[in-house]
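Residue strings, one per chain:
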Amino acid sequence: MPRLSMSEIHPAAVSARGLQLMDYDRATISPGIVHLGIGAFHRAHMAAYVDSLLAKAPDWGIIGASLRRPDTRDALAPQDFLYTLAIRDASGTTPRIIGSIVDVLDANTQRAQLIETMADPAIRIVSLTVTEKGYCHDPSTGELDEEHPDIVHDLAHPDTPISAPGIIVAALELRQQRGLGPFTVMSCDNLPSNGKTAGRIVRRLAELRGLGEAFTRYVETVRFPSTMIDRIVPATTDADRAIVAELTGFDDAWPIMTEPFTQWVIEDDFPAGRPPFETVGAELVEDVEPFELMKLRMLNGSHSTMAYLGYLAGYQYVNEAIADPGILKLVHGLMTEEAMPTLPMSRSTLEAYRDQLLARFANPALKHRTWQIAMDGTQKLPQRLLGTIRDRLKAAQPFPRLALGVAAWMRYVTGIDEAGQPIEVKDPLATRLREIADRAGRDPAKLADGLLAVTEVFGTDLAQVAVFRDTVTNHLKSLLDNGVKETVRRLG
Ligand code: CS2
């Protein structure tokens, strides 16, 4: 089977197989965007939008960069950076070849080239999907974590930065020295006010660099539009590779599997210019916050809750968890009774959004692992569950289902599932969580108190709120004594 690449694509043969191909001449594409964090999500989302607009705007190709591992570059380089996006639901799989990524750099071995590329006048946008932890911030406050090992490194070695904020600051420094205007920084991560958060972190790091007034003023002119990004993208497996090969007739080292749904809401604030995103389905708005809040609290809040409960109960995939009537009822209630009243949208908009989410979670073709979503809980809980809980507390309203989501995370980080099997808990704070869990054993009050003292997650306020602590502790006791299914059933 031929390896996917430009020379192997013969349009007639390809379209006979129902394979959707790019509608532009790839030789005419030049880069306008550097994207940090070229993982599966970006390749299913922004890269697909950009692919749809390159015929009209060929100077917005993407140069991707991996900050941690060279695996994406190694997989895509032999295939001219082309890859298959396979869109899946119960009715089947639709493959599409994406060509918007024109190069991928591996930051570890091509650091100087990456920073130099970002300082190229043709680059007008630097976008990011580096996950929550890539911002090196305190998730509960959203401020730069100045003690973060990557930040400490970048301050000591400013010319060889390893963090995303460090790389951005280094590139801005070069642009300023060369008399070039700044690029626009567009965060596409699931953080609250992701643009504002990115801006705060980059400005603080620039300040810590102590490069003087002129540089501080330059960095103040950088724009950081917020975005709400949405598409469910499970990690690719070997079984997926085989499905894609069968469908397309190509050997693709790294296809991406996703769902039909996609959404992108962007704050229109790009002084250095932007591609015509609005012509390919993105919504350009003045204020993205209401959309972001809706998505984080309803989609991601449900996702994390289902991930912890579902994993513990033995459900490998989200669609299996949501097929459990108890979990479905819980997630429906979490959205309707607890999250929706905290959101500024109309009731009918929120109900339609909820119903669409429940259908998306049930997509049987996606194979989205609960373990994947369970990852990095300390970085996710604040914006997915705790912000909603704070609003419920302020309004003197109950939050039993949100509290169960928090308790399920606590139960999950003990590292043993309900069948007594070890859980591979992936989290930047995993070691600390492990120590707290080991010290507490199966004592729910000790475990809850120990974890509530992790201020990066809970801030300094929540542990002091008796009703919050008690609700979480009671749920945790029930999870430990009775298991997930019984606890969910009792909640009704
Ligand atoms: C998920 C998200 O892995 C996770 O934590 O909740 O990646 C989710 O699939 C996306 O935000 C959907 O847009």
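Residues numbered from 1 in each chain as written. Predicted model: local features only at pLDDT ≥ 70, side-chain atom pairs only at ≥ 80, totals over all residues. Heavy atoms only, no water.

**Some words on the overall build of the protein chain**
Put simply, the test is: Elements are defined by DSSP. Helices are runs of H or I of four residues or more, strands are runs of E of two residues or more, and each kind is numbered from the N terminus. Each radius of gyration reported is based on C-alpha atoms, and the globular scaling rule is 2.2 Å times the count of residues to the power 0.38. Only protein chains enter the accessibility calculation, which uses a 1.4 Å probe; a residue is then buried when its area is under 20% of its type maximum, exposed when over 50%, and partly exposed in between. The contact criterion used throughout is that any non-hydrogen atoms of two residues lie within 4.5 Å. Using a 1.4 Å probe, the Shrake-Rupley method yields the accessible areas, and only the shown protein chains count as cover for residues. None of His or the chain ends enter the tally, which takes Lys and Arg as positive and Asp and Glu as negative. Every charge is mapped onto a representative atom, which is NZ of Lys, CZ of Arg, CG of Asp or CD of Glu.
A tally of regular secondary structure across the protein chain gives 22 helices and 11 strands. Computed over C-alpha atoms, the radius of gyration of the protein chain comes to 23 Å, within 12% of the 23 Å expected from 2.2 N^0.38 for 492 residues, which places it in the range of a compact globule. Across its three principal directions, the C-alpha atoms of the protein chain cover 60 × 60 × 45 Å. A burial count over the protein chain gives 58% of its 492 residues as buried. Taking the contacts inside the protein chain whose residues are at least 6 apart along the sequence as the reference set, 77% of them involve residues at least 24 apart. Summed over its atoms, the accessible surface of the protein chain is roughly 18800 Å², and 52% of this surface lies on carbon and sulfur atoms. Averaging the locations of the 51 positively and 64 negatively charged side chains of the protein chain gives two centres separated by 4 Å.

**Digging into the nonpolar core**
Rules: In this text, buried Ala, Val, Leu, Ile, Met, Phe, Trp, Tyr and Cys residues form a nonpolar core when linked through side-chain atoms within 4.5 Å. Segment limits for the domains were obtained from an automatic or database-derived domain assignment.
Among the nonpolar cores identified, the biggest contains 75 residues, and Met-298, Phe-361, Met-410, Phe-458 and Phe-468 are the most heavily contacted of them. Sorting elements by how many residues they give to this core places helix H11 (residues 289-312) first, with 10 residues. Residue contributions to this core reach at least three from each of two domains, namely domain 1 (6-285) and domain 2 (289-491). Setting aside residues up to four positions removed in sequence, Phe-361 forms contacts with Ile-232, Leu-299, Ser-302, His-303, Met-306, Val-318, Asn-319, Ile-322, Val-331 and Met-335. The next biggest cluster of nonpolar side chains, apart from the first, holds 45 residues, and it includes Tyr-49, Phe-81, Cys-188 and Val-233.

**As for the pattern of salt bridges**
To keep it simple, the criterion reads: Here a salt bridge means any side-chain nitrogen of Lys or Arg lying within 4 Å of a carboxyl oxygen belonging to Asp or Glu.
All chains considered together, the criterion is met by 31 salt bridges. Among the salt bridges present, the one from Asp-150 reaches Arg-68, with a minimum N-O distance of 3.0 Å. One end of the pair, Asp-150, is in helix H6 (residues 149-156); the other, Arg-68, is in the loop between strand E2 (61-66) and helix H4 (71-76), with 82 residues separating them in the sequence. A relative accessible area of 15% places Asp-150 in the buried class. Across the salt bridge formed by Arg-490 and Glu-486, the nearest N and O atoms sit 2.9 Å from each other. Of this pair, Arg-490 and Glu-486 both sit in helix H22 (residues 484-491), separated by 4 residues, roughly a single helical turn. Classification of Arg-490 as exposed rests on a relative accessible area of 55%. One salt-bridge network, held together by shared partners, links Glu-146, Arg-204 and Glu-207.

**A few points about unusual backbone geometry**
The phi torsion of most residues other than glycine is negative, and most of the peptide bonds are trans. At Lys-367, a residue that is not glycine, the phi angle is positive and equals roughly 55°. Tracing the backbone shows Lys-367 in the loop between helix H14 (347-361) and helix H15 (370-374). The phi dihedral of Ala-396 falls on the positive side, at around 55°, and the residue is not glycine. Considering the arrangement of structural elements, one finds Ala-396 in the loop between helix H16 (377-394) and helix H17 (400-412).

**A closer look at the packing of aromatic side chains**
Put simply, the rule is: Side-chain rings of Phe, Tyr and Trp (the six-membered ring for Trp) are treated as a pair once their centres are within 6.5 Å; stacked means planes under 30 degrees apart, edge-to-face means over 60, and tilted covers the remaining angles. Both a distance and an angle decide whether a charge sits over a ring: NZ of Lys or CZ of Arg must be within 6 Å of the ring centre and within 35 degrees of the ring normal.
Enumeration over the complete set of coordinates arrives at 9 aromatic pairs. Between Trp-409 and Phe-458 the ring centres are 6.1 Å apart and the planes differ by 55°, which places this aromatic pair in the tilted class. With a gap of 49 residues between them, Trp-409 in helix H17 and Phe-458 in helix H20 (residues 455-458) connect regions that are remote in the sequence. The class of Phe-458 is buried, set by a relative accessible area of 0%. Feature note: the residues Tyr-49, Trp-264, Phe-270 and Phe-277 constitute an aromatic cluster, connected by ring pairs. Over the aromatic face of Tyr-83 sits the side chain of Arg-43, whose NZ or CZ is 5.6 Å from the ring centroid. Taking the ring centre of Trp-254 as reference, the NZ or CZ of Arg-43 above it sits at 4.9 Å.

**Structural notes on the environment of Glu-278**
Along the polypeptide, Glu-278 turns up in the loop between strand E10 (263-267) and strand E11 (283-285). As a C-alpha pair, Glu-278 and Val-265 span 13 residues in sequence and 9.6 Å in three-dimensional space.

**Thoughts on the packing of H16 against H17**
Here is the rule we go by: In this analysis, axes come from line fits to C-alpha atoms, helices being fitted only over the stretch in contact, and the angle between any two N-to-C directions falls in the range 0 to 180 degrees. Between 65 and 115 degrees an angle is taken as roughly perpendicular, under 35 as roughly parallel, over 145 as roughly antiparallel, and anywhere else as oblique. Here is the rule for handedness: rotate from the far helix to the near one, and if that takes an anticlockwise turn smaller than a right angle the crossing is left-handed, while a clockwise turn gives right-handed. Residue classes follow a fixed rule: Ala, Val, Leu, Ile, Met, Phe, Trp, Tyr, Cys and Pro count as nonpolar, while Asp, Glu, Lys and Arg count as charged, and any other residue, Gly among them, counts as polar.
Where H16 meets H17, the axes come as close as 10 Å, and the angle between the chain directions of the two elements is 155°. For the element pair H16 / H17, the angle class is roughly antiparallel. You can see that H16 and H17 cross each other, and the crossing is left-handed. For the pair formed by H16 and H17, the contact residues are Gly-377, Thr-378, Leu-381, Leu-385, Leu-386, Thr-388, Ile-389 and Arg-392 on the first element and Leu-402, Ala-403, Gly-405, Val-406 and Trp-409 on the second. Residues of the contact of H16 with H17, tallied by class, amount to 8 nonpolar, 4 polar and 1 charged.

**Thoughts on the domain arrangement of the protein chain**
In many analyses, interface size is given as the accessible surface area lost on bringing the parts together. Heads up, the rule is: Reported buried area values correspond to the accessible surface (1.4 Å probe) lost by two parts on association, with both partners' losses combined. Under this definition, polar contacts are N or O atom pairs within 3.5 Å; protein pairs additionally need one hydrogen-donor-capable and one acceptor-capable atom, and for neighbouring residues in sequence, both atoms have to be side-chain atoms.
Here the domain parsing of the protein chain yields domain 1 (6-285) and domain 2 (289-491). The straight-line distance from the C-alpha centre of domain 1 to that of domain 2 is 29 Å. Each partner contributes residues to the interface: domain 1 has 32 residues there, and domain 2 has 31 residues. For the pairing of domain 1 and domain 2, the buried interface totals around 2500 Å² over both sides, and the portion due to carbon and sulfur atoms is 56%. At the surface where domain 1 touches domain 2, the tally comes to 5 salt bridges. For the interface between domain 1 and domain 2, the tally reads 16 residue pairs in polar contact (both at pLDDT 80 or more).

**Quick notes on the sheet that holds strand E6 (residues 125-128)**
Threshold: Two strands make a pair as long as DSSP finds a minimum of two bridges between them.
An order of E5-E2-E1-E6-E7 is seen for the 5 strands of this open sheet, with the pairing classed as parallel. Since the sheet does not close on itself, it has two edges, and those belong to strand E5 (101-106) and strand E7 (184-187), each with one partner. In this sheet, adjacent strand axes meet at a mean angle of 25° when their direction is disregarded. Examined bridge by bridge, E2 and E5 share 5 bridges and lie parallel to one another.

**As for the site of the ligand**
Put simply, the rule reads: Proximity is defined per residue: any heavy atom of the residue falling within 4 Å of a molecule or strand makes that residue near it.
Every residue lining the ligand is accounted for by Asn-190, Ile-229, Asp-230, Arg-231, Ile-232, Lys-295, Asn-300, His-303, His-368, Ile-373, Lys-380 and Arg-384. A distance of 3.0 Å is found between an oxygen atom of the ligand and a side-chain nitrogen or oxygen belonging to Asn-300. Between the ligand and the protein, one listed contact pairs an oxygen atom with a side-chain N or O atom of His-303 at 2.8 Å. When the free accessible area of the ligand is taken as 340 Å², the share hidden by the protein chains comes to 89%. When contributions to the shell around the ligand are tallied by element, the ones reaching two or more residues are strand E8 (227-230), H11 and H16. Tallying contributions element by element places H11 first for the shell around the ligand, with 3 residues. Within the shell around the ligand, the residues separate by chemical class into 3 nonpolar, 4 polar and 5 charged. Built from parts of two domains, the shell around the ligand gets at least three residues from each of domain 1 (6-285) and domain 2 (289-491).

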